[in-house]
Amino acid sequence: MFTNAFTQTFEIEHPIVCGGMTAVGTADLISSVANAGALGFLTALTQSTPEALVKEIARCRDLTDKPFGVNLTILPTINPVPYDEYRDAIIDSGIRVVETAGGNPGPHMAAFKAAGVKVIHKAVTVRHAVKAEQLGVDAVSIDGFECAGHPGEDDVSGLVLIPAAARALKIPVIASGGIATGSGLVAALALGASAVNMGTRFMATTEAPIHDNVKQQIVKHTERDTVLVFREFHNTARVARNSISEEIAAISRAPGAAFADVAHLASGARGREQVYGNGDVEGGLWWASQAQGLIDKVASCEEVVHAILTEALQIITQTLPDQIVR
């Protein structure tokens, strides 16, 4: 239906991506994304060890015969992460596409390239996207300010950031942040992107490995139901609005506040166990974008992808032509 440099380079059917999501990007979801003709990424660090990642890759292959990739997020951590070992596990498992995020992918590029692995790097600024292209990545996923996770400190929305990146780069651009509909796909293509990345929309699917209470909360939420946290610590994150995220934001605004003051509230383990596991949507910090305001039901990955493509095609072939003054 939509064929371009991105679908051809990465050998997928549709220009739709489900990027890596901590505790969510498991074989259950990613195999379903792949079976729907989109490109999904298992989240490497959701697996406790490189050996566990190898098993999760094998489990995903048991569930789909279509292409999928692995996300490797490179961030400073209290406990050192054996990134080289995760990288080698990805390569040795025969994965052909990797999504890098967080820190500089440079130290891993030679190994990936030598193994014939294509690399998509996630960036939140044009300057970082350009640097990634110089390092040899095959595509850039550019995150607008609307996104869940870490949108950076520049606060540039996708409407400006996507075309700015497309103008600066020669490689395919994936539009990310606040996208959940066919109109979002059409807009992204018009702005110069070759594909769209969605996280929150794929969280609200039947196959996502999180409690149904969370999925239903995403449906109930509006575009206003996110909170920016950690801005005072120069590590801005967009998360779902709940009592915990609002408490973190309030504590962080106090003069002299430090991350240690909110660490107990921001615990990733707390979010995974209490929220995603037990379904207590007020029990911890959890990620969601402003796209919540565009999601009106929980559906299967196949239904989500089909609805987006159908709407996009209708807009291009029916709605837009009717608006042209002849």
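Residues numbered from 1 in each chain as written. Predicted model: local features only at pLDDT ≥ 70, side-chain atom pairs only at ≥ 80, totals over all residues. Heavy atoms only, no water.

Visitor: Just give me the short version of the pairing of strand S4 (residues 97–102), but keep the residues and values in it.
Guide: Across the six residues that make up S4, a large majority, five, are buried. In the sheet, strand S3 (residues 69–74) pairs with S4 via five bridges, with the strands oriented parallel. Bridge pairing in S4 links Leu 72 to Thr 100. In the classification by handedness, the crossover that spans S3, the intervening helix H4 (residues 83–92) and the parallel S4 is right-handed. Relative to strand S5 (residues 118–123), S4 is paired through four bridges, and the arrangement is parallel. (Buried < 20%, exposed > 50% of the residue type's maximum accessible area, 1.4 Å probe, protein only. Helix = DSSP H or I, 4+ residues; strand = E, 2+ residues; numbered from the N terminus. Pairing = 2+ DSSP bridges. Right-handed = clockwise from strand over helix to strand, strands pointing away.)

Visitor: Describe the pattern of salt bridges, listing the residues and the values that go with them.
Guide: The final tally for this structure, using the stated rule, is twelve salt bridges. A salt bridge links Asp 154 to Arg 127; its shortest N-O distance comes to 3.1 Å. Residue Asp 154 is found in the loop between strand S6 (139–143) and helix H7 (158–168), and its partner Arg 127 is found in helix H6 (residues 126–135); the two are separated by 27 residues along the sequence. Residues Arg 241 and Asp 225 are paired through a salt bridge, measuring 3.9 Å at the closest nitrogen-oxygen approach. One end of the pair, Arg 241, is in the loop between strand S10 (237–240) and helix H11 (243–253); the other, Asp 225, is in the loop between helix H10 (212–220) and strand S9 (226–229), and 16 residues separate them in sequence. Look at Arg 241 and you get partly exposed, because its relative accessible area is 30%. (Salt bridge = Lys/Arg side-chain N within 4 Å of Asp/Glu carboxyl O.)

Visitor: Any details on the sheet that holds strand S8 (residues 195–197)? Residues and values, ideally.
Guide: With parallel pairing, the eight strands of this closed barrel are ordered in space as S1-S2-S3-S4-S5-S6-S7-S8. Sheet twist, expressed as the average angle between the axes of neighbouring strands with direction ignored, equals 25 degrees. Of the strand pairs in this sheet, strand S1 (residues 16–18) and strand S2 (residues 39–43) are connected by two bridges, and their pairing is parallel. Bridge pairing in S2 links Cys 18 to Gly 40. Sheet strands touched by H4: S3 and S4. Its angle to S3, the strand with the most contacts, is close to 170 degrees. (Axes fitted to C-alpha atoms, helices over the stretch in contact; angles between N-to-C directions. Contact = heavy atoms within 4.5 Å.)

Worth remembering: the numbers are spatial, not functional.
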